[in-house]
Amino acid sequence: MRIVGLTMAAGLAALFCMPTFVIAQEAAYPPGVTKEIHESVQRGLLWLSRNQANEGSWRNSGGYGSYPAAMTGLAGMAFIAGGSTPTRGRYWNEVRKSVAFLMKNADSNTGVISVPAEEGRSMYGHGFATLYLASVFGMEEDLRKQDRLKRVLDKAVGLIASAQSSAGGWIYTPDSNSDEGSVTVTQIQALRACRMAGIVVDKKVIDKSVDYIKRCQNGDGSIRYSLRSGGDGRPAITAAGVAVLYNAGVYDDQPFVDKAVQYCKKRIKTSVNNTGHHYYAQLYWSQALYQRGGKDWDEYYKSMARWLMKQQRKDGSWQGDGVGTVYGTAIALTILQLPYAFAPIYQR
(Lines give C-alpha, C1' and ligand atoms only; values in the text may rest on other atoms or scores of the structure.)
Protein backbone atom coordinates (compact mmCIF):
# COMPACT_ATOMS: atom_id res chain seq x y z
CA MET A 1 0.00 0.00 0.00
CA ARG A 2 2.85 2.29 0.83
CA ILE A 3 4.48 1.67 -2.51
CA VAL A 4 1.17 2.12 -4.32
CA GLY A 5 0.59 5.32 -2.40
CA LEU A 6 3.97 6.63 -3.36
CA THR A 7 3.38 5.67 -6.96
CA MET A 8 0.03 7.41 -6.98
CA ALA A 9 1.55 10.50 -5.37
CA ALA A 10 4.30 10.55 -7.95
CA GLY A 11 1.76 10.14 -10.71
CA LEU A 12 -0.38 12.98 -9.41
CA ALA A 13 2.69 15.17 -9.02
CA ALA A 14 3.65 14.46 -12.59
CA LEU A 15 0.11 15.12 -13.79
CA PHE A 16 -0.22 18.49 -12.07
CA CYS A 17 3.38 19.72 -11.93
CA MET A 18 4.52 19.06 -15.49
CA PRO A 19 2.15 21.58 -17.11
CA THR A 20 3.14 24.13 -14.46
CA PHE A 21 6.78 23.59 -15.35
CA VAL A 22 6.08 24.00 -19.05
CA ILE A 23 4.08 27.16 -18.41
CA ALA A 24 6.88 28.49 -16.19
CA GLN A 25 9.40 27.84 -18.94
CA GLU A 26 7.25 29.65 -21.49
CA ALA A 27 6.63 32.52 -19.09
CA ALA A 28 10.40 33.06 -18.82
CA TYR A 29 10.17 34.98 -22.08
CA PRO A 30 8.48 38.39 -22.13
CA PRO A 31 5.42 38.90 -24.35
CA GLY A 32 6.34 38.55 -28.01
CA VAL A 33 9.65 36.79 -27.41
CA THR A 34 9.80 33.20 -28.62
CA LYS A 35 12.33 30.44 -28.05
CA GLU A 36 13.71 31.11 -31.53
CA ILE A 37 14.15 34.82 -30.82
CA HIS A 38 15.80 34.05 -27.49
CA GLU A 39 18.24 31.65 -29.13
CA SER A 40 19.01 34.20 -31.85
CA VAL A 41 19.82 36.76 -29.17
CA GLN A 42 22.11 34.34 -27.34
CA ARG A 43 24.09 33.67 -30.53
CA GLY A 44 24.43 37.40 -31.10
CA LEU A 45 25.61 38.14 -27.57
CA LEU A 46 28.13 35.31 -27.79
CA TRP A 47 29.49 36.77 -31.04
CA LEU A 48 29.91 40.18 -29.42
CA SER A 49 31.66 38.60 -26.45
CA ARG A 50 34.09 36.72 -28.69
CA ASN A 51 34.88 39.85 -30.68
CA GLN A 52 35.67 42.17 -27.78
CA ALA A 53 39.28 43.35 -27.74
CA ASN A 54 41.45 42.55 -24.72
CA GLU A 55 41.36 46.23 -23.72
CA GLY A 56 37.56 46.06 -23.52
CA SER A 57 36.62 47.84 -26.75
CA TRP A 58 34.80 46.95 -29.93
CA ARG A 59 35.80 48.40 -33.29
CA ASN A 60 34.26 48.35 -36.72
CA SER A 61 36.36 47.64 -39.76
CA GLY A 62 35.73 49.04 -43.21
CA GLY A 63 35.36 52.30 -45.05
CA TYR A 64 33.42 54.05 -42.30
CA GLY A 65 36.23 53.82 -39.76
CA SER A 66 36.58 51.98 -36.47
CA TYR A 67 34.87 54.40 -34.02
CA PRO A 68 35.83 52.52 -30.81
CA ALA A 69 33.95 54.79 -28.37
CA ALA A 70 30.72 54.66 -30.40
CA MET A 71 30.94 50.90 -31.07
CA THR A 72 31.83 50.11 -27.46
CA GLY A 73 28.87 52.16 -26.28
CA LEU A 74 26.49 50.43 -28.68
CA ALA A 75 27.80 46.93 -27.92
CA GLY A 76 27.71 47.64 -24.20
CA MET A 77 24.06 48.66 -24.43
CA ALA A 78 23.30 45.30 -26.08
CA PHE A 79 24.68 43.50 -23.02
CA ILE A 80 22.79 45.80 -20.63
CA ALA A 81 19.61 45.10 -22.62
CA GLY A 82 20.29 41.41 -22.07
CA GLY A 83 20.44 41.77 -18.29
CA SER A 84 24.18 41.84 -17.67
CA THR A 85 25.68 44.45 -15.32
CA PRO A 86 29.25 45.24 -14.20
CA THR A 87 28.92 42.60 -11.47
CA ARG A 88 26.15 40.22 -12.50
CA GLY A 89 24.86 38.29 -15.47
CA ARG A 90 26.55 36.03 -17.99
CA TYR A 91 28.51 38.87 -19.57
CA TRP A 92 29.42 40.89 -16.47
CA ASN A 93 33.12 40.78 -17.35
CA GLU A 94 32.50 42.15 -20.84
CA VAL A 95 30.53 45.01 -19.31
CA ARG A 96 33.22 45.64 -16.71
CA LYS A 97 36.03 45.73 -19.29
CA SER A 98 34.11 47.97 -21.70
CA VAL A 99 33.28 50.47 -18.95
CA ALA A 100 36.95 50.59 -17.97
CA PHE A 101 37.94 51.21 -21.60
CA LEU A 102 35.56 54.15 -22.00
CA MET A 103 36.52 55.68 -18.68
CA LYS A 104 40.19 55.41 -19.62
CA ASN A 105 39.42 57.36 -22.80
CA ALA A 106 37.42 60.10 -21.09
CA ASP A 107 39.41 63.33 -21.25
CA SER A 108 39.67 64.68 -17.72
CA ASN A 109 39.94 68.27 -18.99
CA THR A 110 37.34 68.54 -21.73
CA GLY A 111 35.06 65.67 -20.68
CA VAL A 112 34.85 64.19 -24.18
CA ILE A 113 34.84 60.38 -24.35
CA SER A 114 36.67 59.46 -27.52
CA VAL A 115 39.75 57.88 -29.06
CA PRO A 116 41.00 60.91 -31.06
CA ALA A 117 43.28 58.93 -33.38
CA GLU A 118 40.33 56.85 -34.59
CA GLU A 119 37.34 59.16 -34.20
CA GLY A 120 37.49 62.40 -36.13
CA ARG A 121 33.80 62.95 -35.38
CA SER A 122 33.95 62.62 -31.63
CA MET A 123 30.38 63.58 -30.70
CA TYR A 124 28.86 60.34 -32.01
CA GLY A 125 31.15 58.29 -29.81
CA HIS A 126 30.72 60.66 -26.91
CA GLY A 127 26.92 60.38 -27.09
CA PHE A 128 26.76 56.59 -27.28
CA ALA A 129 29.48 56.18 -24.64
CA THR A 130 27.73 58.59 -22.25
CA LEU A 131 24.41 56.77 -22.77
CA TYR A 132 26.08 53.47 -21.90
CA LEU A 133 28.01 54.71 -18.87
CA ALA A 134 24.88 56.40 -17.51
CA SER A 135 22.97 53.14 -17.91
CA VAL A 136 25.69 51.30 -16.00
CA PHE A 137 26.04 53.92 -13.26
CA GLY A 138 23.10 52.77 -11.14
CA MET A 139 24.15 49.13 -11.53
CA GLU A 140 27.68 49.62 -10.20
CA GLU A 141 28.02 48.13 -6.71
CA ASP A 142 31.57 49.24 -5.99
CA LEU A 143 31.28 52.69 -4.41
CA ARG A 144 34.74 53.82 -5.51
CA LYS A 145 34.06 52.85 -9.10
CA GLN A 146 30.65 54.48 -8.89
CA ASP A 147 32.29 57.69 -7.70
CA ARG A 148 34.73 57.60 -10.63
CA LEU A 149 31.83 56.99 -13.00
CA LYS A 150 29.99 59.98 -11.60
CA ARG A 151 32.98 62.26 -12.19
CA VAL A 152 33.25 61.07 -15.79
CA LEU A 153 29.52 61.53 -16.37
CA ASP A 154 29.47 65.00 -14.79
CA LYS A 155 32.23 66.01 -17.20
CA ALA A 156 30.49 64.32 -20.13
CA VAL A 157 27.25 66.21 -19.44
CA GLY A 158 29.19 69.45 -19.18
CA LEU A 159 30.80 68.81 -22.55
CA ILE A 160 27.41 68.16 -24.18
CA ALA A 161 25.97 71.36 -22.71
CA SER A 162 28.91 73.47 -23.88
CA ALA A 163 28.84 71.90 -27.36
CA GLN A 164 25.17 72.73 -27.97
CA SER A 165 24.78 75.11 -30.88
CA SER A 166 23.00 78.42 -30.60
CA ALA A 167 20.09 76.80 -32.47
CA GLY A 168 19.84 74.01 -29.90
CA GLY A 169 21.41 71.03 -31.67
CA TRP A 170 24.79 69.36 -31.98
CA ILE A 171 27.16 68.36 -34.78
CA TYR A 172 30.15 66.06 -35.23
CA THR A 173 32.70 67.95 -33.15
CA PRO A 174 32.14 69.82 -29.88
CA ASP A 175 33.49 73.23 -30.91
CA SER A 176 31.71 73.80 -34.24
CA ASN A 177 28.59 75.72 -33.11
CA SER A 178 26.54 73.89 -35.70
CA ASP A 179 23.99 71.12 -35.73
CA GLU A 180 22.38 68.17 -37.52
CA GLY A 181 19.77 65.61 -36.57
CA SER A 182 21.61 62.34 -36.01
CA VAL A 183 24.20 63.80 -33.64
CA THR A 184 21.51 65.81 -31.87
CA VAL A 185 19.33 62.81 -31.03
CA THR A 186 22.38 60.94 -29.72
CA GLN A 187 23.13 63.75 -27.26
CA ILE A 188 19.50 64.11 -26.16
CA GLN A 189 19.27 60.41 -25.33
CA ALA A 190 22.59 60.51 -23.48
CA LEU A 191 21.38 63.45 -21.39
CA ARG A 192 18.12 61.66 -20.62
CA ALA A 193 19.99 58.55 -19.47
CA CYS A 194 22.18 60.70 -17.23
CA ARG A 195 19.16 62.40 -15.70
CA MET A 196 17.53 59.04 -15.03
CA ALA A 197 20.73 57.93 -13.29
CA GLY A 198 20.72 60.95 -10.99
CA ILE A 199 23.36 62.99 -12.79
CA VAL A 200 22.54 66.71 -12.77
CA VAL A 201 21.47 67.93 -16.23
CA ASP A 202 20.37 71.47 -16.95
CA LYS A 203 16.73 71.27 -18.06
CA LYS A 204 17.27 74.30 -20.30
CA VAL A 205 19.68 72.26 -22.44
CA ILE A 206 17.07 69.55 -22.99
CA ASP A 207 14.25 72.04 -23.59
CA LYS A 208 16.35 73.85 -26.17
CA SER A 209 17.15 70.58 -27.94
CA VAL A 210 13.48 69.54 -28.03
CA ASP A 211 12.65 72.90 -29.57
CA TYR A 212 15.37 72.25 -32.17
CA ILE A 213 13.74 68.95 -33.19
CA LYS A 214 10.35 70.67 -33.43
CA ARG A 215 11.71 73.41 -35.68
CA CYS A 216 13.28 70.82 -38.00
CA GLN A 217 9.85 69.34 -38.74
CA ASN A 218 8.23 69.76 -42.15
CA GLY A 219 4.52 70.06 -42.84
CA ASP A 220 4.19 66.33 -43.59
CA GLY A 221 5.47 65.46 -40.12
CA SER A 222 8.96 64.47 -41.24
CA ILE A 223 12.10 65.81 -39.61
CA ARG A 224 14.84 67.03 -41.92
CA TYR A 225 18.59 66.58 -41.60
CA SER A 226 19.20 69.95 -40.01
CA LEU A 227 17.50 73.23 -39.26
CA ARG A 228 19.38 75.10 -41.96
CA SER A 229 19.23 72.37 -44.64
CA GLY A 230 15.58 72.71 -45.71
CA GLY A 231 14.16 70.19 -48.15
CA ASP A 232 12.48 66.85 -47.53
CA GLY A 233 12.54 65.16 -44.18
CA ARG A 234 14.28 61.85 -43.55
CA PRO A 235 12.50 58.77 -42.20
CA ALA A 236 15.49 57.63 -40.13
CA ILE A 237 15.96 61.03 -38.50
CA THR A 238 12.21 61.31 -37.93
CA ALA A 239 12.12 57.94 -36.15
CA ALA A 240 15.08 58.98 -34.02
CA GLY A 241 13.38 62.26 -33.25
CA VAL A 242 10.22 60.52 -32.04
CA ALA A 243 12.21 58.16 -29.80
CA VAL A 244 14.17 60.89 -28.08
CA LEU A 245 11.11 63.12 -27.74
CA TYR A 246 9.50 60.26 -25.80
CA ASN A 247 12.72 60.04 -23.75
CA ALA A 248 12.41 63.75 -23.03
CA GLY A 249 8.82 63.33 -21.85
CA VAL A 250 7.14 64.76 -24.95
CA TYR A 251 4.34 62.43 -26.06
CA ASP A 252 1.56 62.04 -28.63
CA ASP A 253 -0.62 64.66 -27.02
CA GLN A 254 1.63 67.14 -28.79
CA PRO A 255 0.47 67.48 -32.45
CA PHE A 256 4.00 67.64 -33.86
CA VAL A 257 4.86 64.27 -32.26
CA ASP A 258 1.75 62.57 -33.60
CA LYS A 259 2.48 63.93 -37.09
CA ALA A 260 5.98 62.50 -36.93
CA VAL A 261 4.63 59.13 -35.80
CA GLN A 262 2.12 58.99 -38.65
CA TYR A 263 4.87 59.87 -41.14
CA CYS A 264 7.07 57.03 -39.84
CA LYS A 265 4.19 54.55 -40.00
CA LYS A 266 3.82 55.30 -43.70
CA ARG A 267 7.50 55.37 -44.58
CA ILE A 268 9.34 52.83 -42.40
CA LYS A 269 8.94 49.13 -43.22
CA THR A 270 10.54 46.28 -41.33
CA SER A 271 11.78 44.27 -44.31
CA VAL A 272 12.31 47.01 -46.88
CA ASN A 273 15.24 49.39 -46.73
CA ASN A 274 13.62 52.55 -48.03
CA THR A 275 15.41 54.90 -45.65
CA GLY A 276 19.03 54.46 -46.73
CA HIS A 277 19.93 53.67 -43.11
CA HIS A 278 17.76 50.68 -42.30
CA TYR A 279 19.37 49.50 -39.06
CA TYR A 280 19.72 53.04 -37.75
CA ALA A 281 16.07 53.81 -38.51
CA GLN A 282 14.90 50.58 -36.84
CA LEU A 283 17.05 51.20 -33.75
CA TYR A 284 15.01 54.29 -32.95
CA TRP A 285 11.67 53.38 -34.48
CA SER A 286 11.60 50.19 -32.42
CA GLN A 287 12.19 52.23 -29.25
CA ALA A 288 9.41 54.64 -30.18
CA LEU A 289 6.93 51.84 -30.86
CA TYR A 290 7.91 49.97 -27.71
CA GLN A 291 7.22 53.12 -25.71
CA ARG A 292 3.81 53.40 -27.37
CA GLY A 293 3.01 49.71 -26.85
CA GLY A 294 -0.25 48.14 -27.99
CA LYS A 295 -1.05 46.60 -31.33
CA ASP A 296 1.44 48.74 -33.28
CA TRP A 297 4.30 47.42 -31.18
CA ASP A 298 3.11 43.80 -31.17
CA GLU A 299 2.82 43.68 -34.96
CA TYR A 300 6.08 45.54 -35.49
CA TYR A 301 8.10 43.33 -33.14
CA LYS A 302 6.82 40.10 -34.67
CA SER A 303 7.66 41.31 -38.18
CA MET A 304 11.00 42.89 -37.24
CA ALA A 305 12.17 39.84 -35.31
CA ARG A 306 11.30 37.58 -38.23
CA TRP A 307 13.32 39.78 -40.61
CA LEU A 308 16.30 40.10 -38.27
CA MET A 309 16.51 36.35 -37.70
CA LYS A 310 16.66 35.85 -41.46
CA GLN A 311 19.51 38.37 -41.71
CA GLN A 312 21.58 36.86 -38.90
CA ARG A 313 24.77 35.19 -40.08
CA LYS A 314 25.80 31.68 -39.09
CA ASP A 315 28.38 33.06 -36.66
CA GLY A 316 25.64 35.00 -34.82
CA SER A 317 26.41 38.47 -36.19
CA TRP A 318 24.52 40.96 -38.33
CA GLN A 319 25.95 43.32 -40.95
CA GLY A 320 24.27 46.67 -40.50
CA ASP A 321 23.89 49.35 -43.16
CA GLY A 322 27.32 48.52 -44.57
CA VAL A 323 28.84 50.11 -41.47
CA GLY A 324 29.98 46.85 -39.93
CA THR A 325 29.13 43.77 -37.92
CA VAL A 326 29.62 45.29 -34.46
CA TYR A 327 27.22 48.07 -35.41
CA GLY A 328 24.68 45.72 -36.99
CA THR A 329 24.86 43.14 -34.21
CA ALA A 330 24.55 45.68 -31.40
CA ILE A 331 21.51 47.30 -33.02
CA ALA A 332 19.79 44.00 -33.84
CA LEU A 333 20.28 42.78 -30.28
CA THR A 334 19.00 46.03 -28.81
CA ILE A 335 15.81 45.77 -30.86
CA LEU A 336 15.23 42.09 -30.11
CA GLN A 337 15.78 42.59 -26.38
CA LEU A 338 13.50 45.60 -25.86
CA PRO A 339 10.73 43.40 -24.35
CA TYR A 340 13.11 42.30 -21.58
CA ALA A 341 13.14 45.91 -20.30
CA PHE A 342 16.51 45.64 -18.55
CA ALA A 343 18.00 48.90 -19.86
CA PRO A 344 16.48 51.87 -17.97
CA ILE A 345 16.51 54.24 -20.97
CA TYR A 346 14.40 51.81 -23.03
CA GLN A 347 11.83 51.04 -20.34
CA ARG A 348 8.24 52.24 -20.60
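Described in the following lines is the structure provided in the data block. (Residues numbered from 1 in each chain as written. Predicted model: local features only at pLDDT ≥ 70, side-chain atom pairs only at ≥ 80, totals over all residues. Heavy atoms only, no water.)

1. What to know about the pattern of salt bridges
Here comes step 1: Within the structure shown, the criterion is met by 14 salt bridges.
Here comes step 2: The residue Asp-147 makes a salt bridge to Arg-151 at a minimum N-O spacing of 2.4 Å. Taken together, the positions of Asp-147 and Arg-151, both in helix α6 (residues 143-163) and 4 residues apart, correspond to about one turn of that helix.
Here comes step 3: Residue class for Asp-147 comes out partly exposed when judged on its relative accessible area of 41%. (Salt bridge = Lys/Arg side-chain N within 4 Å of Asp/Glu carboxyl O. Helix = DSSP H or I, 4+ residues; strand = E, 2+ residues; numbered from the N terminus. Buried < 20%, exposed > 50% of the residue type's maximum accessible area, 1.4 Å probe, protein only.)

2. Topic: the packing of aromatic side chains
The way to describe two aromatic rings as a pair is by their centre distance and the angle between their planes.
Here comes step 1: Scanning the model with the defined rule gives 10 aromatic pairs in all.
Here comes step 2: Each ring, one from Tyr-290 and one from Trp-297, has its centre 5.1 Å from the other, and the planes form 75°; the classification is edge-to-face.
Here comes step 3: Tyr-290 sits in the buried class, given a relative accessible area of 6%.
Here comes step 4: What makes Trp-297 buried here is its relative accessible area of 4%. (Phe/Tyr/Trp six-rings, centres within 6.5 Å; stacked < 30°, edge-to-face > 60°.)

3. With respect to the nonpolar core
Here comes step 1: Membership of the largest hydrophobic core comes to 114 residues, with the highest contact counts inside it found for Leu-133, Trp-170, Tyr-284, Trp-285 and Leu-308.
Here comes step 2: For this core, the leading source of residues is helix α5 (residues 122-137), giving 10 residues.
Here comes step 3: Contacts of Tyr-284, omitting those with residues within four sequence positions, involve Phe-128, Val-185, Thr-186, Gln-189, Ala-239, Ala-240 and Ala-243. (Core = buried A, V, L, I, M, F, W, Y, C linked by side-chain atoms within 4.5 Å. Contact = heavy atoms within 4.5 Å.)

4. So, unusual backbone geometry
Here comes step 1: The phi dihedral of Asn-177 falls on the positive side, at around 45°, and the residue is not glycine.
Here comes step 2: You can see Asn-177 is positioned in the loop between α6 and α7 (181-196).
Here comes step 3: Even without being a glycine, Ala-341 presents a positive backbone phi close to 55°.
Here comes step 4: Along the chain, the position of Ala-341 falls in the segment after α13 (325-336).
Here comes step 5: Its relative accessible area of 28% is what places Ala-341 among the partly exposed residues.

5. Overview of the side chain of Ser-57
Here comes step 1: Tracing the backbone through its elements, the reader meets Ser-57 in the loop between α2 (35-50) and α3 (68-81).
Here comes step 2: The exposure class assigned to Ser-57 is buried, which follows from its relative accessible area of 2%.
Here comes step 3: Only 2.5 Å separates the side chain of Ser-57 from the side chain of Arg-59, close enough to count as a polar contact.
Here comes step 4: If near-sequence neighbours (up to four positions away) are discounted, Ser-57 is found in contact with Gln-52, Thr-72 and Phe-101. (Polar contact = N/O pair within 3.5 Å; in protein donor to acceptor, adjacent residues only side chain to side chain.)

6. Structural notes on the state of the cysteines
Here comes step 1: Tallied over the full model, the rule gives 0 disulfides.
Here comes step 2: Between Cys-216, a free cysteine, and Cys-264, which holds the nearest cysteine sulfur, the sulfur-to-sulfur gap is 14 Å.
Here comes step 3: We classify Cys-264 as buried; its relative accessible area is 0%. (Disulfide = S-S within 2.5 Å.)

7. Notes on the layout of surface pockets
Here comes step 1: Put simply, the largest pocket is a space of about 680 Å³.
Here comes step 2: Together, 28 residues line the largest pocket, and Tyr-124, Ser-182, His-277, Tyr-280 and Tyr-327 are the ones closest to its centre.
Here comes step 3: Contributing elements (two or more residues each) for the lining of the largest pocket: α3, α5, α9 (235-247), α11 (278-292) and α13.
Here comes step 4: Broken down by class, the residue content of the lining of the largest pocket amounts to 17 nonpolar, 7 polar and 4 charged. (1 Å grid on protein atoms, 1.4 Å probe; cavity = no way out; pocket = protein on both sides within 12 Å on 5 of 7 lines; lining within 4 Å. Points joined across faces, edges and corners; volume = space filled by probe spheres on them. Nonpolar A, V, L, I, M, F, W, Y, C, P; charged D, E, K, R; others polar.)

8. Here's the deal with empty space enclosed by the protein
Here comes step 1: Within the structure shown, the criterion is met by 2 cavities of 30 Å³ or more.
Here comes step 2: Elements with a contribution of two residues or more to the lining of the largest cavity: α3, α5, α11 and α13.
Here comes step 3: Among the elements that take part in the lining of the largest cavity, α11 stands out by supplying 3 residues, more than any other.
Here comes step 4: A per-class count over the lining of the largest cavity returns 8 nonpolar, 3 polar and no charged.
Here comes step 5: Lining the second largest cavity are Ala-81, Gln-337, Leu-338, Ala-341, Phe-342, Ala-343 and Tyr-346.

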